[in-house]
Amino acid sequence: MAASRLSLLALVALTHIALLSTLCSAADPYVFYDFKVSYITASPLGVPQRVIAINGKFPGDPINATTNNNVVVNVHNGLDEDLLMTWSGIQMRRNSWQDGVLGTNCPIPKTWNWTYNFQVKDQIGSFFYFPSLNFQRAAGGFGSFHLNNREVIDIPFAKPDGDIFIMIGDWYTRNHTALKTALDAGKDLGMPDGVLINGKGPYQYNKTLVPDGILYETINVEPGKTYRLRVHNVGVSTSLNFRIQNHNLLLAEIEGHYTIQQNYTNFDIHVGQSYSFLVTMDQNASSDYYIVASARFVNESIWQRVTGVAILHYSNSKGPVSGPLPDAPKDAFDPQWSMNQALTVRQNGSASGARPNPQGSFHYGQINITDTFVLKIVPPVTIDGKLRATINGISFVNPQTPIRLADQHKIKGDYKLDFPNMSLSRLPRRDMSVVNATYKGFIEIVFQNNDTTVQTFHLDGYSFFVVGMGYGNWTVESKNNYNKWDAISRCTTQVFPGAWTAVLISLDNPGAWNLRSQNLDRWYLGQETYLRIVNPEENGETEFTAPDNVLYCGALGNLQKQQKTSSASSIPSETFKLFFSLLMAFFTLVCTFRSITIPYCNCKTPTLGTPAVSVSMLVTIELDNDYYRSHWFSSSTSLKFGSVQLISQGN
């Protein structure tokens, strides 16, 4: 047994030494996460139900990374159905293979696992992750994903005393499978049963509306300190107004871009959106304070239960909170106030984002528009006897084989490049229509919402400039009112009912990118498409090829091998940790003195153009039947080491 453990340690050592050239030449660090996705039983609104947890937690732990880090997430599917994780707002530069939606990835089958490996290139800000299939986000599986500035880049405000992550969202006590069944039967989901804050129900501010025994969220703070609150609406379909009793919300960042700082007493956050607020604890703490997320644009007398309430607790608080909740905006049936608030948000053009150059250095208002798409959204319609949601009369059908994988293997008929740039006079239909977008184009997308509810739309792989909103039908003359100077750049925008929102996008990120409604019911019913963006002169430098661990399905399903589970001797935890720590210390020392050369490893940065072979490896060490860490390395080196795996990926 001792000999086998020593051999395994030796194999790990040799493997890491073999990869030393990769680690030395890679200037950007790796961060690693193991996600065991499974069901647990929870009662956030007092009713036991099945929710989706990450490593046994609901919501999942935050992913914490820094600009240009390489992020490796090993996802174990412990559900009873297929799974994909998507990373809302993470742009996956040149690498749509990691995006985690059906048009880019084959699903991870139950009991399998798959390792996502991507770089958060030139990004900062507040985002979140969630499961993208089968209405699963309605059951949980979500968590915060935040990207810190590099130390050499100043942030445009004093360093906060701490980060606080707040996930708000409407919630149903029915399981996600029951919600899906209702939609499949042509039914509306109806009013949610409540609003959760960080996976917990409301504080009992009203004994009639909130039953006894509900667990609620308490956020502990120190008086006089300023915290950065990263707030995400991860719900199904309800816009929420967020506010903290007696405290101002200083808006600082939206989905990766710093804003002109403005104070708000409350702020509307729509489904799928993320915001950063700076909040100073400047009250006298005579009692605790309410944190509230309540439903918008509804009859509040009927929707009173759809209110999330948490507690802000100062360390020197003199007692519990009491009294009524702070008021929400009094415009339930007139969203003009909310639109006006959205139009006050401006990008901070002088602040640096992920790079040292100011955010305003890209003069988007001076670039010629190469194409315009007017996307018309209407209430769900019946197509072939089924309730469906559409964009420009098309209800999207996901291809059997992911788009770029079909391209790489020259699969014909998997999808169509015929998505119309405006609504056509024809009957609505189900189709696999994709936008044939032009690489390096600069396009305008107008979302025309003729539905009866607020919709939010999201584009993977990109941020876009939200240049205008208005009521009525968009016309060419509407461009005269565009903000061409300091419009906020973000990845998810609201579109009010009976209104339009216009965005501008520079198409510099090749791949296949999902454009969708973030309202889960509309998305599930087909309100999405993809932008296929290909460099016609592609030479392997502008878009990555499929990763070595790519999953196959559809027309390529015969290429997929079954995952297998193999046994291996466990390494005592303390022994491994000591060994691994010493090994990493050695790597750090060598990479610090980059002129050092060891056999087969020149730690100087390789010359561009040197012939290289792609190398990938997953190293998993099992400790007492639990995974200690899964490391997926993928890079290039002049020596082919092949693929090394100590323990199979299977559960």
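Keep in mind the model is a prediction, meaning the values are calculated, not measured.

1. Some thoughts on the pairing of strand 1 (residues 30–42)
For strand 1 and strand 4 (residues 70–77), the ladder comprises eight bridges, and the chain directions are parallel. In the sheet register, Y33 faces strand 4, and the bridge partner there is V73. As judged from the six bridges shared by strand 1 and strand 2 (residues 49–54), these two strands associate in the antiparallel manner. Pairing of T41 across the sheet is with R50, part of strand 2. Linking two consecutive strands that pair antiparallel, namely strand 1 and strand 2, is a turn of six residues; a positive phi of about 90 degrees is found at G46 within it.

2. Looking at the sheet that holds strand 18 (residues 289–295)
Note: strands within a sheet are paired through backbone hydrogen bonds, in either parallel or antiparallel orientation. The five strands are arranged 11-19-18-13-16 in an open sheet whose pairing can be described as mixed. Looking at which strands have only one partner, the edges of the open sheet turn out to be strand 11 (218–221) and strand 16 (266–269). Averaged over all pairs of adjacent strands, the angle between strand axes in this sheet comes to 20 degrees, irrespective of strand direction. Two elements, strand 18 and strand 19 (residues 307–314), share six bridges in a ladder whose sense is antiparallel. Across the sheet, the residue bridging to I291 is A310, located in strand 19.

3. Some details on the sheet that holds strand 8 (residues 143–148)
One open sheet accounts for four strands, arranged 3-8-7-5; its pairing is mixed. For this open sheet the edge positions go to strand 3 (63–66) and strand 5 (85–88), each flanked by a neighbour on one side alone. Going across the sheet, the axis of each strand differs from the next one's by a mean of 25 degrees, ignoring polarity. With five bridges joining them, strand 7 (residues 125–131) and strand 8 adopt antiparallel strand pairing.

4. Comments concerning the confidence of the model for the chain
Put simply, the chain has an average pLDDT of 86, and 82% of its residues get 70 or more. This model gives residues 1–26 a pLDDT under 50, and the stretch forms 50 contacts once residues within four places in sequence are excluded. The model gives residues 586–651 a pLDDT under 50, and that stretch makes 151 contacts with residues more than four places away or in other chains.

5. Remarks on the pattern of salt bridges
When charged atoms on two side chains of opposite charge get close, those side chains can pair. On inspection of all chains with the given rule, the structure shows 20 salt bridges. Between D486 and R346 there is a salt bridge, and its shortest N-O distance comes to 3.2 Å. Of this pair, D486 sits in the loop between strand 28 (464–471) and strand 29 (489–490) while R346 sits in the loop between helix 4 (336–343) and strand 20 (371–377), and the two are 140 residues apart along the sequence. Among the ionic contacts, a cluster of salt bridges with common partners joins R404, D407, R532 and E543.

6. Remarks on the environment of A332
With respect to the secondary-structure elements, A332 resides in the loop between strand 19 and helix 4. Separated by 32 residues in the primary sequence, A332 and E300 have C-alpha atoms spaced 7.4 Å apart. Residues in contact with A332, not counting those within four places in the same chain, are F297 and V298.

7. Some details on the state of the cysteines
Within the structure shown, the criterion is met by one disulfide. Bridging C106 to C553, the disulfide has an S-S length of 2.1 Å. Here the disulfide of C106 and C553 is left-handed, its torsion about the S-S bond being about -80 degrees. Taken together, the residues span a long stretch of sequence, with C106 in the loop between strand 5 and strand 6 (113–119) and C553 in the loop between strand 33 (528–534) and helix 7 (573–592) at a distance of 447 residues. Like C106, the residue C553 is buried in the burial classification.

8. Re the nonpolar core
Ranked by internal contacts, the top residues of the largest apolar core, which has 104 residues, are W87, Y116, F145, F242 and F277. Residues in contact with F145, not counting those within four places in the same chain, are I63, V71, W87, I90, F118, V120, G125, S126, F127, F128 and Y129. In this structure, L45, L183, A389 and Y415 belong to the second largest nonpolar core, which totals 30 residues.

9. What to know about the packing of aromatic side chains
Tallied over the full model, the rule gives 30 aromatic pairs. Judged by centre distance (6.3 Å) and plane angle (15 degrees), the rings of F242 and F277 are stacked. You can see F242 sitting in strand 13 (residues 240–244) and its partner F277 sitting in strand 17 (residues 274–280), a full 35 residues away along the chain. Of the two residues, F242 and F277, both sit in the buried class. Between F396 and Y530, the ring centres sit 5.6 Å apart and the planes meet at 50 degrees, which makes this aromatic pair tilted. You can see F396 sitting in strand 23 (residues 394–396) and its partner Y530 sitting in strand 33, a full 134 residues away along the chain. Comparing F396 with Y530 shows no difference in burial state: the two are buried. Stacked on the ring of Y39, the Lys or Arg R50 has its end atom at 3.8 Å from the ring centre. Sitting over the ring of W523, R516 keeps its end group 4.6 Å from the ring centre.

10. Concerning the environment of P223
One can find P223 in the loop between strand 11 and strand 12 (226–233). The contacts of P223, once residues within four sequence positions are left out, are M281, Y314, S315 and N316.

11. Description of helix 3 (residues 176–184)
Within helix 3, burial applies to H176, L179, K180, A182 and L183. In an axial view of helix 3, the angular spread of the buried residues amounts to 160 degrees, which keeps them on one side of the axis. At its buried positions, helix 3 is contacted by strand 1, strand 2 and helix 6 (520–524). Positive backbone phi, at 80 degrees, marks G186, one or two positions downstream of helix 3.

Rules used throughout
- Residues numbered from 1 in each chain as written.
- Predicted model: local features only at pLDDT ≥ 70, side-chain atom pairs only at ≥ 80, totals over all residues.
- Heavy atoms only, no water.
- Pairing = 2+ DSSP bridges.
- Helix = DSSP H or I, 4+ residues; strand = E, 2+ residues; numbered from the N terminus.
- Axes fitted to C-alpha atoms, helices over the stretch in contact; angles between N-to-C directions.
- pLDDT = per-residue confidence, 0-100.
- Contact = heavy atoms within 4.5 Å.
- Salt bridge = Lys/Arg side-chain N within 4 Å of Asp/Glu carboxyl O.
- Disulfide = S-S within 2.5 Å.
- Buried < 20%, exposed > 50% of the residue type's maximum accessible area, 1.4 Å probe, protein only.
- Core = buried A, V, L, I, M, F, W, Y, C linked by side-chain atoms within 4.5 Å.
- Phe/Tyr/Trp six-rings, centres within 6.5 Å; stacked < 30°, edge-to-face > 60°.
- Lys NZ or Arg CZ within 6 Å of the ring centre and 35° of its normal.
- Arc of directions from axis to C-beta.

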